Amino acid sequence: MKKYTAIKDISNLSNTIKEAILLKMNPFEYSNLGQHKTLAMLFFNASLRTRLSTEKAAKNLGMSVMVLNINDAWNLEFEDGTIMNANSSEHIKEAAQVISQYADVIAVRAFPSLTNKEKDESEYVLNSFVKYATAPIINMESATAHPLQALADAITISELTQKAKPKVVLSWAPHPRALPQAVANSFVEMMQNLDVELTITHPEGYELNPKITKNTPINYNQKEALQNADFVYVKNWSNYKDYGKVLNQDANWMMTQDKLGNAKFMHCLPVRRNVVVEDAVLDGKNSIVIQQANNRTYAAQIVLKQILENL
Ligand code: CP
């Protein structure tokens, strides 16, 4: 693997999922692979799972890890030809090349503004690192995608499914703050590449980017969509059409035990209890969110392994 900025960077998805499950059983099997190699993790935004699981994955492979909260460094400029006489002190052209001298792999987390759709969709932060760094880039959640989360989700469903083609439902949930579409986008893209029956349910007007959802069925009736579901992935996202706005906080869309039935409950975390999902679901036997979070390590580890093998 040359980089992991999008799901399409995985050349053989089913083998990658199987290999990740094997790594989980024997996490130190390749503990020499990353010897004398360094991962630099750059965070423009907060993280708990991504930060710790990716660091753990790298260490399982014998890598050294450096973490930089970008807000502690110089303000970066991303525009070409700018007269840098305002707040930016360093251009991404120098920064990316410098970091590439210190690290063999660079992982970046950079959320969207949710105010400028065109700029967010250009993925200018992630793509600037891809353009100017000489080390492979890993996406730890960008403006429009969270492919490490989606790989962990795929591993979790593969581990738990008892059917050849399980029914998977992505269900929108209310949230008081404007959240990115990244997790939902990558989950949809990942499920489109697996042998599952995927349905999306959300209030009318909350459609995700149609270039991502393509012909995946959308049902505005949550109850109907959830019928016979095996896995229910709950996630809020802010409005895509009226970009970044919170237009609906209808508590009727919160996931409840009654709606979930016997399906497995999935969420990427962090999650707001009794806003997105009621306590009874999160504390119930069908919640698999902790297993999902554990699988973040093995998703990151298989990605790092495949990148290290290509260095
Ligand atoms: N799911 C996820 O990416 O968690 P963090 O934001 O805590 O990294």
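Residues numbered from 1 in each chain as written. Predicted model: local features only at pLDDT ≥ 70, side-chain atom pairs only at ≥ 80, totals over all residues. Heavy atoms only, no water.

**Concerning the packing of aromatic side chains**
One pass over the structure, following the stated rule, counts seven aromatic pairs. Measuring from centroid to centroid gives 6.4 Å for F44 and F78, while their planes differ by 50°, and the two rings are tilted. Of the two residues, F44 sits in the loop between β1 (38–43) and α2 (49–60) while F78 sits in the loop between β3 (76–77) and β4 (90–91), which places them 34 residues apart along the sequence. Like F44, the residue F78 is buried in the burial classification. On the basis of an interplanar angle of 50° and a centroid distance of 4.8 Å, the ring pair of W172 and Y206 is categorised as tilted. With a gap of 34 residues between them, W172 in strand β7 (residues 167–172) and Y206 in the loop between β8 (197–201) and α8 (210–213) connect regions that are remote in the sequence. (Phe/Tyr/Trp six-rings, centres within 6.5 Å; stacked < 30°, edge-to-face > 60°. Helix = DSSP H or I, 4+ residues; strand = E, 2+ residues; numbered from the N terminus. Buried < 20%, exposed > 50% of the residue type's maximum accessible area, 1.4 Å probe, protein only.)

**Side note on α2**
When the terminal C-alpha atoms of α2 are compared, their 16 Å separation across twelve residues agrees well with the 16 Å that a helix rising 1.5 Å per residue should span. For α2, the complete set of buried residues consists of R49, T50, S53, T54, E55, A57, A58 and N60. Against the buried residues of α2 lie β1, β2 (64–69), β5 (105–109), α6 (147–160) and α12 (289–308). Where α2 terminates, the next one or two residues include G62, which has phi positive at roughly 85°. (Expected span 1.5 Å × (residues − 1). Contact = heavy atoms within 4.5 Å.)

**A short note on the environment of A58**
With respect to the secondary-structure elements, A58 resides in helix α2. Given a relative accessible area of 0%, A58 falls into the buried group. On a C-alpha basis, the gap between A58 and A46 in space is 19 Å, while along the polypeptide they are twelve residues apart. The contacts of A58, once residues within four sequence positions are left out, are L39, M63, V65 and L304.

**What to know about unusual backbone geometry**
Backbone phi values are negative for most residues with the exception of glycine, while trans is the configuration of most peptide bonds. At the junction of L269 and P270, the peptide bond is cis and its omega measures out at 0° in the coordinates. Positive phi outside glycine occurs at E141, with the angle close to 110°. With respect to the element layout, E141 can be found in the loop between β6 (137–139) and α6. We note that L269 has phi near 65°; this positive angle belongs to a residue other than glycine. Structurally, the position occupied by L269 is in the loop between β11 (264–266) and α11 (279–282).

**Re the packing of α6 against helix α7 (residues 182–192)**
Where α6 meets α7, the axes come as close as 8 Å, and the angle between the chain directions of the two elements is 45°. Classified by the interaxial angle, the pair formed by α6 and α7 is oblique. Note that α6 runs across α7; the crossing there is right-handed. Residues P147, A150, L151, D153, A154 and I157 of α6 pack against S186, F187, M190 and M191 of α7. Here the residues of the contact of α6 with α7 sort into eight nonpolar, one polar and one charged. (Axes fitted to C-alpha atoms, helices over the stretch in contact; angles between N-to-C directions. Parallel < 35°, antiparallel > 145°, perpendicular 65-115°, else oblique. Left-handed = near helix turned anticlockwise from the far one by under 90°. Nonpolar A, V, L, I, M, F, W, Y, C, P; charged D, E, K, R; others polar.)

**Brief notes about the pattern of salt bridges**
Under the criterion given, the structure shown has 13 salt bridges. Taking the shortest distance from any N to any O, the salt bridge between K59 and E55 comes out at 2.6 Å. Here K59 pairs with E55, and both are found in helix α2, just four residues apart, close to one helical turn. Taking relative accessible area as the criterion, E55 reaches 18% and is therefore assigned buried. (Salt bridge = Lys/Arg side-chain N within 4 Å of Asp/Glu carboxyl O.)

**Structural notes on the sheet that holds β7**
As summarised here, the arrangement of the five strands in space is β9-β8-β7-β10-β11, forming an open sheet in which the pairing is parallel. Looking at which strands have only one partner, the edges of the open sheet turn out to be β9 (218–219) and β11. Judged from the five bridges that link them, β7 and strand β10 (residues 231–235) form a sheet pairing that is parallel. When the bridges of β10 are listed, V168 appears paired with F231. Taken strand by strand, α6 contacts β7, β10 and β11, and its axis lies near 155° from that of β10. (Pairing = 2+ DSSP bridges.)

**Let's talk about the packing of helix α1 (residues 13–25) against α6**
Two elements in contact, α1 and α6, have axes whose closest approach is 10 Å; the angle formed by their N-to-C orientations is 75°. Classified by the interaxial angle, the pair formed by α1 and α6 is roughly perpendicular. Where α1 approaches α6, its residues L13, T16, I17, A20, I21 and K24 are matched on the opposing element by L151, A154, I155, S158 and E159. Broken down by class, the residue content of the contact of α1 with α6 amounts to seven nonpolar, two polar and two charged.

**Section: the domain arrangement of the protein chain**
Annotation of the protein chain at the domain level lists domain 1 (7–144 + 296–308) and domain 2 (147–292). Inter-centroid distance (C-alpha atoms) of domain 1 to domain 2 is 25 Å. On the side of domain 2, 33 residues touch domain 1, which itself brings 30 residues to the contact. When the two sides are added together, the surface that domain 1 and domain 2 hide from each other amounts to roughly 2,400 Å², 68% of it contributed by carbon and sulfur. (Domains from an automatic or database assignment. Buried area = accessible area lost by both parts, 1.4 Å probe.)

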